Structures are given as structure tokens and as C-alpha cells.
Amino acid sequence: MKDKKSARVVVVTSGKGGVGKTTSTAALGAALAHLGEKVVVIDFDVGLRNLDLMMGAERRVVFDLINVIHGVAKLPQALIRDKRLENLNLLPASQTRDKDALTEEGVAKVVAELRSKFDWIICDSPAGIERGATLAMRYADTAIIVTNPEVSSVRDSDRIIGLLDSKTEKAERGEFVDKHLLVTRYQPWRAARGEMLTIDDVLEILSVPLLGIIPESEEVLRASNVGSPVTLNNPVSPPARAYFEAARRLKGETIPMHVPSESRGIFNKLFGRKAA
Amino acid sequence: MNLLNWFSRGSAPIARERLQILLAHERNERHQPDLLGILREEILSLISRHISFDPDKVQIKMDRGKSVSTLAVDIEIPNSFAAAGDASRHRRPRSKRLGNVAARTMDQRVA
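A.B. asks: I'd like to hear about the packing of helix H7 (residues 151-164) of chain A against helix H10 (residues 199-206) of chain A, residue by residue, with values.
C.D. replies: What describes two packed helices is the angle between their axes and the distance between those same axes. All names here are of chain A. Contact geometry for H7 and H10: axes closest at 10 Å, N-to-C directions at 35°. In this structure, the crossing between H7 and H10 has a hand that is right-handed. Residues Val-154, Ser-157, Asp-158 and Ile-161 of H7 form the contact with H10, whose own contacting residues are Val-202, Ile-205 and Leu-206.

A.B. asks: Please provide a residue-by-residue account of the interface of chain B and chain A, values included.
C.D. replies: Counting residues at the interface gives 14 residues for chain B, matched by 15 residues for chain A. Counting the surface lost from both chain B and chain A, the interface buries some 1400 Å², and carbon and sulfur atoms represent 55% of this. It is Arg-16, Leu-19 and Arg-30 of chain B that lose the most area in chain B upon contact with chain A, and together they represent 36% of the buried surface on that side. Run the count over chain B and chain A and you get four salt bridges. Among the salt bridges present, the one from Glu-26 of chain B reaches Arg-155 of chain A, with a minimum N-O distance of 2.6 Å. Connecting chain B to chain A are eight residue pairs in polar contact (both at pLDDT 80 or more). When its residues are assigned to classes, the side of chain B that touches chain A shows seven nonpolar, three polar and four charged.

A.B. asks: Please provide a residue-by-residue account of the confidence of the model for chain A, values included.
C.D. replies: Per-chain confidence: chain A averages 92 in pLDDT, with 92% of residues scoring 70 or above. Here residues 272-276 of chain A scores under 50 on pLDDT; set against residues more than four positions off or in separate chains, the count is eight contacts.

A.B. asks: Can you break down unusual backbone geometry residue by residue, with the values?
C.D. replies: Residue and element names in this part refer to chain A. Backbone geometry places Arg-185, a non-glycine residue, at a positive phi of 55°. Inspection of the secondary structure puts Arg-185 in strand E7 (residues 178-186). Residue classification places Arg-185 among the partly exposed positions, given a relative accessible area of 40%. Even without being a glycine, Ser-207 presents a positive backbone phi close to 50°.

A.B. asks: Any chance you could break down the sheet that holds strand E5 (residues 120-124) of chain A for me, citing the residues and the numbers?
C.D. replies: Residue and element names in this part refer to chain A. Pairing is mixed across the open sheet formed by eight strands, whose spatial order is E3-E4-E2-E5-E1-E6-E7-E8. A single partner strand is all that each edge strand has here, and the edge strands are strand E3 (80-81) and strand E8 (210-215). Summarising the sheet, strand E1 (residues 8-13) and E5 pair through five bridges and their orientation is parallel. Residue Val-10 lies in a different strand from E5, and its bridge partner there is Ile-122. Packed onto the sheet, helix H5 (residues 104-115) meets E1, strand E2 (39-43), strand E4 (88-91) and E5 and runs at close to 150° relative to E5.

What counts and how
Residues numbered from 1 in each chain as written. Chains lettered and ligands numbered in written order. Predicted model: local features only at pLDDT ≥ 70, side-chain atom pairs only at ≥ 80, totals over all residues. Heavy atoms only, no water. Axes fitted to C-alpha atoms, helices over the stretch in contact; angles between N-to-C directions. Helix = DSSP H or I, 4+ residues; strand = E, 2+ residues; numbered from the N terminus. Left-handed = near helix turned anticlockwise from the far one by under 90°. Contact = heavy atoms within 4.5 Å. Buried area = accessible area lost by both parts, 1.4 Å probe. Salt bridge = Lys/Arg side-chain N within 4 Å of Asp/Glu carboxyl O. Polar contact = N/O pair within 3.5 Å; in protein donor to acceptor, adjacent residues only side chain to side chain. Nonpolar A, V, L, I, M, F, W, Y, C, P; charged D, E, K, R; others polar. pLDDT = per-residue confidence, 0-100. Buried < 20%, exposed > 50% of the residue type's maximum accessible area, 1.4 Å probe, protein only. Pairing = 2+ DSSP bridges.

What follows is the structure, given as C-alpha cells:
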């Protein structure tokens, strides 16, 4: 592997579970790799790993993050190279239930070693605000806060923003983690009818710049069913387009933000139902 | 969904309002100790210095509002209340509600 790279460490976090952290990690990781970047995605959800499943690599896991931390395996042995994109790699979490297996020094060492070999290190945080979540964000340069337009998710995102501003290595050095908001499962037609918080509502409450808006879509479930990031499984689908745009914004490109608009037939409009 | 809802605005504005009030409080608590919590602790410890009371008979109600929050501490004090030092001899007595300490604090953001 070529050295002398210096990866950007990104944490995908949310506080609340089930909002789309793992889906977003897989989709953004694959999108960045597709754009030519060298990417590693790391699953920090010790005991409940799922990123391997979303990436379709669940049958190829031999070693994991904890093995590397404990010196049981070398980092190159534990990395799983994606079968579709050769510059996309996965470092899976272990299935052991011992959360204390994850140590701050161990994570620091792994992240430092990966930094020199990749352009992007994307850390998939577990839900909650416990050890796994704080270690996932510990060395981050950039944070992607995944939020659903729903009260409990927004509240938990606010908690996580507080942690990013106090418990990360950057915060302790008096610097700031670069924060971005990714709104997922957005249903524009509900927001238009005043049934769901709008993008503006969420932005005003959380005051974090917007990275992207991922519309609610059956494509996301379909991609997880087959074990392929949605950005690879159906790159032209609305959620995949939104993830690609978010990935390019992460890279620093300026791309106008599209609020997904509704494309519902007259029947659905009349009866207020959406198939997805 | 009933017909009225069809014509009135949805529930999202309520969600927005609730979040704004809640997060204003939670953000405050991150940077400074919780005033209502401290008052609650200190009021209870003050009272327990003078009388013994059954902790199960204490009702504490808090309501955090947008500009004003309220704290109501309702303590059942036995008629034959004993000094705190005698707490060990204290049998659970017939009791009558004597004390009702209420504190009303201006909201921390406003104050």
C-alpha cells in the first residue's frame, strides 16, 4: 500500500438508533470510493455489528477491530476489500459482548495506522452515548449527524452535538469538529402538509450546516436486503443521487441542495397515500 | 384521520415548538448546573435538618416552561414531628399534610 496519505476521519453518528447511520456509512463510503477515493469504513458497534451485512461482506469476516486492538491480527489481515470497488475497505466490529474490549489507546493506534493509508476513514457509531459512541467520535475531524425529521431523533442529535463539542480530541485541544447534518427518511409531501418537521425546522433547531437530504425510499430497504450500499445497488435512484451529492459536498465541492420534491401520481395526491 | 385535521395545519408546528423549549433547557443544563435540581436538593435537605419525614411521602413536581419554570415540593409531615436526631425512634405516624414548599424560578435563559 502507498503511504504518505493523510485520511480525513469522519464519524457517522446520531444518538438515536434506527435513523440510518449504518446505511449512510455504507452509502457514503461506496460513493466516495466510486469517486476514486481510498476509503475504509469501520464498524464501532461492538457486539451488534451490522455494517458487514449492509456491505454484503458478512461471510468474509475473519478478524475484527477488537482483534486488531488486542494484537491478535494485523490491520491488513482484518481489512475486507469490497468485491465491487477495490478502493473500498471494511473493518468489521466484533460480535463479543465485552464493550470494554474497545480501548481509547487501541482505537487511537488503529486510526493512526489507517490515516497513512487511506483518504477517508468513516466510523460508523453505535447508537447511544456510551463508550462505543464516544470512541467512534473521539478522533474525528468531521462528524455527520444523521437525523430523522422527528422529535426524538432531533433531540438526540442535539445531545450528540454537545458531545462532539466537548468529548472529542479536537474539542479538548480547543478546536472544533467539522459538523454536518444529514437528514434521512425525509418525506417532502408530509412536510408540505405540516405533518413532518421541514428541513428548515430541523436546521433552525440544530444550527448545523446541511450535508444532504435523503428521501424516504424503498430503494434503501432493497439495497440492505441484497447487501449492497444503495449508491452501488441503484445509483440513479433518488436516495443514491442524494448520497452521491452529499459525498461530493464532503469532498469540498459546491453542489446546490435539492429538497426532494414529490413525484406522486394524481391518484396518490387525491388519496394521500404513497406506496413507498 | 378526521376531517378537521384535513383542514387544520398538521402536527409538525407542535413538534417544532416542543423541541425548541426542550432543547433550550437541555443546552443550558450542559453548561451550568440544573437550578431546579439544586433547589429541590437543598429544600429537601433543609427540611430534613429540622424534621424527619418519610422520603416516600415527598412529591416533587416540575414544569419547565418557555419563560417560567415551576418547582413544587409537597411533603407530608407527621403531626407529632420529631427532630431529625430522633429519626430512629420515629414510628410511621398518622399524618397530615402540613408543608407545601413551592418555588417558582424564572427561566434560566430569561433571568
